[in-house]
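What follows is the residue order along each chain.
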Amino acid sequence: MININEIYLSVQGESSHTGLPCVFVRLTGCNLRCVWCDTAYAFHEGKTQSIDQTLKDIKIFGINLVEITGGEPLMQEDVYPLMEALLENGYKV
């Protein structure tokens, strides 16, 4: 199970994928409290769902580029199986 704040389609603004459509998976939770954070709402808001449901939610967009973001995504242990499942299903993560 993974705690998801939101899943949405946008344009990648960083990396070599800049300008490409990208599905963003924003996870809930963060312990860092960076002064530049623009997503403080992701500290606590979210819903718990299975990795299978998360994959279904991502598939709806029909885009193969996925960014896992947060909060602090690595705080959730199940982020690793989520990333593995995405890669196994042909997504760029």
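Residues numbered from 1 in each chain as written. Predicted model: local features only at pLDDT ≥ 70, side-chain atom pairs only at ≥ 80, totals over all residues. Heavy atoms only, no water.

## With respect to the overall build of the protein
Counting its secondary structure elements, the protein contains two helices and four strands. Secondary structure elements in the protein, listed N-terminal to C-terminal, are β-β-β-α-β-α. Over its C-alpha atoms the protein spans a radius of gyration of 13 Å, differing by no more than 12% from the 12 Å that the globule rule assigns to 93 residues. C-alpha extents for the protein along the principal axes are approximately 35 × 30 × 20 Å. Every one of the 93 residues in the protein was classed for burial, and the buried ones make up 39%. (Helix = DSSP H or I, 4+ residues; strand = E, 2+ residues; numbered from the N terminus. Rg over C-alpha atoms; globule rule 2.2 N^0.38 Å. Buried < 20%, exposed > 50% of the residue type's maximum accessible area, 1.4 Å probe, protein only.)

## Regarding the pairing of strand 2 (residues 21-27)
Burial within strand 2 is extensive, with six of its seven residues counted as buried. Sheet topology note: the strand 1 (residues 2-11)/strand 2 ladder contains seven bridges and is antiparallel. The residue bridging Ile 4 from the neighbouring strand is Leu 27, located in strand 2. (Pairing = 2+ DSSP bridges.)

## As for unusual backbone geometry
With phi around 75°, Ser 15 is a residue other than glycine that occupies positive phi space. Within the secondary structure, Ser 15 sits in the loop between strand 1 and strand 2. One non-glycine residue, Arg 33, lies in the positive phi region at around 55°. Looking at the element boundaries, Arg 33 is found in the loop between strand 2 and strand 3 (47-49). On the basis of relative accessibility, which here comes to 41%, the residue Arg 33 falls in the partly exposed class.

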